[in-house]
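Architecture and fold: a report
Single-letter residue listing:
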Amino acid sequence: MNGFDNDKYLKIQSEHIKERISHFGDKLYLEFGGKLFDDYHASRVLPGFQPDSKLQMLLSMADLAEIVIVISAEDIVKNKVRGDLGITYDIDVLRLISEFEKKGLYVSSVVITHFEGQTGAVRFQERLEKQGIRVYRHYSIEGYPSNIPLIISEDGFGKNDYIETERPLVVVTAPGPGSGKMATCLSQLYHENLRGVKAGYAKFETFPIWNIPLKHPVNLAYEAATADLNDVNMIDPFHLEAYGETAVNYNRDIEIYPVLDAIFDAIYGENEYYKSPTDMGVNMAGNCIVDDEACCEASCMEIIRRYYAALNKVVREGTGENEVYKIELLMKQAKITTEDRKVTVAAKERAAQQEGPCAAIELEDGTIITSGTSDLLGPSAALLLNAVKYLAGIDHEKKLVKPEAIEPIQELKVRFLGGNNPRLHTDEVLIALALSSVTDPEAGKAMEQLPRLKGCQVHTTVMLSEADQNTFKKLGIDLTSEPIRGGLKLY
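Okay, so let's go over this structure. (Residues numbered from 1 in each chain as written. Predicted model: local features only at pLDDT ≥ 70, side-chain atom pairs only at ≥ 80, totals over all residues. Heavy atoms only, no water.)

1. Examining the nonpolar core
- Ranked by size, the top nonpolar core spans 108 residues in total, and within it L46, L58, I69, F100, I112, L169 and I303 carry the most contacts.
- In terms of residues, this core owes the most to one element, helix α13 (residues 292–317), which gives 10 residues.
- Ignoring sequence-local partners within four residues, the contact set of I303 consists of P217, L220, A221, A224, I327, M331, A334 and I336.
- One finds A359, L424, L430 and C456 within the second-largest nonpolar core, a separate group that totals 33 residues. (Core = buried A, V, L, I, M, F, W, Y, C linked by side-chain atoms within 4.5 Å. Buried < 20%, exposed > 50% of the residue type's maximum accessible area, 1.4 Å probe, protein only. Helix = DSSP H or I, 4+ residues; strand = E, 2+ residues; numbered from the N terminus. Contact = heavy atoms within 4.5 Å.)

This is the structure we're talking about:
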């Protein structure tokens, strides 16, 4: 059930940004937090929100907007990697440029922040310029952000390259947090002011949603998603004092606001525009929730998924205990436990009935299907076959992949490729199913059901291999696993 009106969101969000542009007259620098596209967290906690909603909203204003991508020289040198994509930030800049331009958005330049002559940063600039991309350098400022007199001077923002822009809306985005988006925007305000241009700043963050309660599950889910960053949702004290209204913001924006207020005063003479960090935001998502109960339920399930992800991180990497503790507190605030996730309970119940790892999937209609481990298939591979058989109306006892077809694959894995586990993984069983579909129409019918697994929930009683995790991700399935490896609970 949809809890979010995406069409309304696209309409009123673009109108609100246009209104903010007109408020400043000449130009608006819009700091864009989070993902411009593929925002699956938002689509999970706000059912009905499309993963590319923010991109679609920008496309509706494509003639007004240009994009500036920011990357820190320090991240280039450290080869910082995006956890969700597994690529370095510099490669992601190239990916973002390509994706934006394919969609019809204009990328005007790239800014390298914290520049101190780093060799890797210089080489990256040269690489971009060879492709015809304009690159600007912004430098570290001693005492930033507290040393206001230095920041607002020729030796502070004045040292930074002035970014040449040509459209009224400049969207400032980055591969990830800590890249220097806000500082880039503020530097431009300083330079525009010197040139007599009336430029403004605004921030677009989907979460936390400022006009729903502090402890609303949607906002708690945001805290769970950013547990590694130590973000905390708070009542905005500046907004409360200025307007007598309660608004939700997060600690970093509230902590930095007095500094921003002083910087605005120094640039404009007086900060007449923003009386609180909430004032700086333009997010209208809270006005588009049409079924609060559906969003609450979806957000609670997201918190549980984040909890399992944190547990698994502890087992795999040996770090992240504090993330686990924080999400446990969030679960208590939301009054939920892992037992509230039906598919988790089903997988554990199946495991209690038989030895070996088990798995369960909850389909779109609420049906829950389980699977165990056999000599031929791991629980995840068996689960996919069970699910597509159910969706295709095929008898559960039907063998879509014959045992005699699986055995040669097992021999290949163990005898020739040096594997230890002869059971088929999810990607291997799907290939076997595809081969079976050549001669078996029912196997072909089962294959056609795979798109219907998108958005389904899966839980396994053991941690999965990277191959299995990637298969579920490609199918669009939301996966959680018990923090157990090789039958031994490690947390």
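This is not the end of the story, as more comes after the structure.
2. Concerning the sheet that holds strand β12 (residues 478–481)
- Spatially, four strands are ordered β10-β9-β11-β12 in an open sheet, and the strand pairing comes out mixed. At either margin of the open sheet sits one strand with a lone partner, and together these are β10 (368–371) and β12. Between one strand axis and the next, the sheet turns by 15° as a mean value, whatever way the strands run.
- Looking at chain direction, strand β9 (residues 359–362) and strand β11 (residues 457–460) are connected through four bridges and run antiparallel. For I361, the partnering residue across the bridge sits in β11 and is V458.
- On top of the sheet, α13 reaches β11 and β12; it is set at about 50° to β12, its chief contact. (Pairing = 2+ DSSP bridges. Axes fitted to C-alpha atoms, helices over the stretch in contact; angles between N-to-C directions.)

3. Quick look at helix α9 (residues 217–225)
- α9 sits mainly inside the fold: eight of its nine residues count as buried.
- Looking at α9, one finds that the buried residues are P217, V218, N219, L220, A221, Y222, E223 and A224.
- Contacts from the buried residues of α9 go to α2 (40–45), β7 (233–235), β8 (248–250), α13 and α14 (321–334).

4. Here's the deal with the pairing of strand β2 (residues 65–72)
- Among the eight residues that make up β2, eight are buried, leaving the element largely enclosed by the rest of the structure.
- Of the two faces of β2, the one carrying A65, I67, I69 and I71 and the one carrying E66, V68, V70 and S72 are both buried.
- Here β2 pairs with strand β3 (residues 107–115) via six bridges, running parallel. Along β3, the bridge assignment pairs I69 with V110.

5. Overview of the packing of aromatic side chains
- Counted by the stated rule, this structure contains 16 aromatic pairs.
- Note on Y9 and F49: the rings are 5.5 Å apart at their centroids and 50° apart in plane angle, and the pair reads as tilted. In this pair, Y9 sits in helix α1 (residues 6–24) while F49 sits in the loop between α2 and α3 (53–59), placing the two residues 40 residues apart along the sequence. For the residue pair Y9 and F49, the accessibility class agrees, reading buried in each case.
- Grouping aromatic residues by their ring pairs yields a cluster made of F24, Y201, F264, Y268, Y273 and Y274.
- Here the basic side chain of K159 rests over the ring of Y139, its NZ or CZ set 5.6 Å away from the ring centre.
- Lying over the aromatic face of Y162, R195 brings its terminal NZ or CZ to 3.7 Å of the ring centre. (Phe/Tyr/Trp six-rings, centres within 6.5 Å; stacked < 30°, edge-to-face > 60°. Lys NZ or Arg CZ within 6 Å of the ring centre and 35° of its normal.)

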